[in-house]
Amino acid sequence: MTLPALPYKRPVPGTGPVMFLVHGMLSSHRHWVPNIDALARHVQPVVFDLWGHGDAPAPLDDAAYDVRALLEQFERVRIALGAERVLLCGQSFGASLTLRYSIEHPERVIAQIFTNSVSALSPPDRFGTASERATRAAQIEARGHEMIREMTIHPRRARRLSPQVKAELVEAAEQVDPRALARLIRITGPQLSSHADLGRIACPTLLVNGVHEKAFQPLRDEAVAGIPGCQVADIDAGHAVNLENPEEFNA
């Protein structure tokens, strides 16, 4: 079976190398709206939607959710754009994918930026066993958005976002397809950890760290210790770093 194409957009023309921007769970390509114009002075932004998010379909073929298949989607876009190498920028769940891309395709990455991502830097069992993930996924498929709204990561629980941004994120979360979310949790999630492979990252790496996400700060230090030459910009924000403090993130 041929897998569908992961959708991407070039929201503005931009100048310089291509930069892939990948959002986190329950968001969409609009996650980067406050950052695009500033970034476009230096790069050509390319924004993605993950399966079942934004404009992306929700394939029911489990093969689409394998991390290798997702990395192949990024490779497809890189080739289609004629970019020999790209810059990467990932947020949360999306950072798990961009970090893994930098590990598996070092020759294709100029440099990368990522924000707070527990899933990327924690051991694979941080979010439960395969059985526990399967149970959560089944509940999401069965109960749909009722279950999604109960998730601790749902943006309705955000405390540091402006009312407008929060409303937009809640709207994006309401549009997520539960079937895709369930598969991202059950299939993609267990493959996301780069905890054991941080030393393999060969490109210049910048972590833009939201200091108010307390649970992430030990992992911030692990990133510095584990990623060769990793630099950190600590800014006044929590988990949604680029949305809570776009000016500092853009700088």
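The rules we used
- Residues numbered from 1 in each chain as written.
- Predicted model: local features only at pLDDT ≥ 70, side-chain atom pairs only at ≥ 80, totals over all residues.
- Heavy atoms only, no water.
- Helix = DSSP H or I, 4+ residues; strand = E, 2+ residues; numbered from the N terminus.
- Buried < 20%, exposed > 50% of the residue type's maximum accessible area, 1.4 Å probe, protein only.
- Contact = heavy atoms within 4.5 Å.
- Areas by Shrake-Rupley, 256 points an atom, 1.4 Å probe, with all protein chains shown as cover.
- Lys, Arg positive; Asp, Glu negative; His and termini not counted.
- Charge placed at Lys NZ, Arg CZ, Asp CG, Glu CD.
- Axes fitted to C-alpha atoms, helices over the stretch in contact; angles between N-to-C directions.
- Parallel < 35°, antiparallel > 145°, perpendicular 65-115°, else oblique.
- Nonpolar A, V, L, I, M, F, W, Y, C, P; charged D, E, K, R; others polar.
- Phe/Tyr/Trp six-rings, centres within 6.5 Å; stacked < 30°, edge-to-face > 60°.
- 1 Å grid on protein atoms, 1.4 Å probe; cavity = no way out; pocket = protein on both sides within 12 Å on 5 of 7 lines; lining within 4 Å.
- Points joined across faces, edges and corners; volume = space filled by probe spheres on them.
- Core = buried A, V, L, I, M, F, W, Y, C linked by side-chain atoms within 4.5 Å.
- Expected span 1.5 Å × (residues − 1).
- Arc of directions from axis to C-beta.

Enquirer: I keep staring at the overall build of the protein and nothing clicks. Help me out?
Expert: Tallying secondary structure elements over the protein gives 11 helices and 7 strands in all. Dimensions of the protein along its principal axes, counting C-alpha atoms only, are 45 × 40 × 35 Å. For the protein, with 251 residues in total, the buried portion stands at 54%. Contacts in the protein between residues far apart in sequence, at least 24 positions, make up 76% of those at least 6 positions apart. Carbon and sulfur atoms provide 52% of the accessible area of the protein, an area that totals close to 11100 Å². Averaging the positions of the 26 positive and the 29 negative side-chain charges in the protein gives two centres separated by 1 Å.

Enquirer: Quick question: what am I supposed to make of the packing of helix α2 (residues 67–81) against helix α3 (residues 93–104) here?
Expert: Geometry of a packed helix pair, given as the angle between the helix axes and the separation of the axes. Across the interface, α2 lies against α3 with an axial gap of 10 Å and an inter-helix angle of 75°. Comparing their axes, α3 and α2 come out roughly perpendicular. Residue-level contacts link Val67, Leu70, Leu71, Phe74, Glu75 and Arg78 of α2 to Leu97, Arg100, Tyr101 and Glu104 of α3. Partitioning the contact of α2 with α3 into residue classes produces 6 nonpolar, no polar and 4 charged.

Enquirer: How should the packing of aromatic side chains be read in this particular structure?
Expert: Here a ring pair, both rings aromatic, is described through the centre-centre distance and the interplanar angle of the planes. Overall, the coordinates contain 7 aromatic pairs when judged by the stated rule. Both rings, one in Phe20 and one in Phe74, keep their centres 6.3 Å apart while their planes meet at 45°; by these two values the pair is tilted. Taken together, the residues span a long stretch of sequence, with Phe20 in strand β2 (residues 18–22) and Phe74 in helix α2 at a distance of 54 residues. For the pair Phe20 and Phe74, one class covers both residues: buried. Ring geometry for Trp32 versus Phe249: centroids 6.4 Å apart, planes at 35°, classification tilted. One end of the pair, Trp32, is in the loop between β2 and α1 (33–39); the other, Phe249, is in helix α11 (residues 246–250), and 217 residues separate them in sequence.

Enquirer: Where do I start with empty space enclosed by the protein in this structure?
Expert: Leftover empty space is mapped by rolling, across the atoms, a probe with the size of a water molecule. Under the counting rule described, the total for this entry stands at 1 cavity of 30 Å³ or more. In this structure, the largest cavity occupies an estimated 50 Å³ of space. A breakdown of the residues in the lining of the largest cavity according to their chemical character gives 5 nonpolar, 3 polar and 2 charged.

Enquirer: Teacher, can you tell me more about the nonpolar core here?
Expert: Within soluble globular proteins, side chains that are nonpolar generally end up buried alongside one another. Phe20, Phe74, Leu121 and Leu181 are the most contacted members of the largest nonpolar core, which has 56 residues in total. Grouped together as the second largest cluster of nonpolar side chains are 15 residues, Leu39, Val47, Leu87 and Ala111 included.

Enquirer: Explain helix α5 (residues 130–143) here, please?
Expert: Its 14 residues give α5 an end-to-end C-alpha distance of 20 Å, which sits within 8% of 20 Å, the value for a rise of 1.5 Å per residue. Residues Arg133, Ala137 and Ile140 constitute the buried set of α5. In an axial view of α5, the angular spread of the buried residues amounts to 60°, which keeps them on one side of the axis. In α5, the exposed residues that point more than 90 degrees away from the buried face are Ser131 and Ala142. Where the residues of α5 are buried, they touch α6 (145–148) and α8 (178–188).

Enquirer: I tried to follow the layout of surface pockets on my own but got confused; where do I start?
Expert: Estimates place the volume of the largest pocket at around 1200 Å³. Ser92, Thr152, Ile153, His154 and His239 are the residues nearest the centre of the largest pocket, which is lined by 37 residues in total. At the level of elements, α4 (118–121) and α5 are the ones that each hand at least two residues to the lining of the largest pocket. Looking at the lining of the largest pocket residue by residue, the classes come out as 17 nonpolar, 12 polar and 8 charged. Around the second largest pocket, the lining is made up of 16 residues, and of these Ser28, Arg30, His31, Glu168 and Ala172 lie nearest the centre. Within the lining of the second largest pocket, the residues separate by chemical class into 6 nonpolar, 6 polar and 4 charged.

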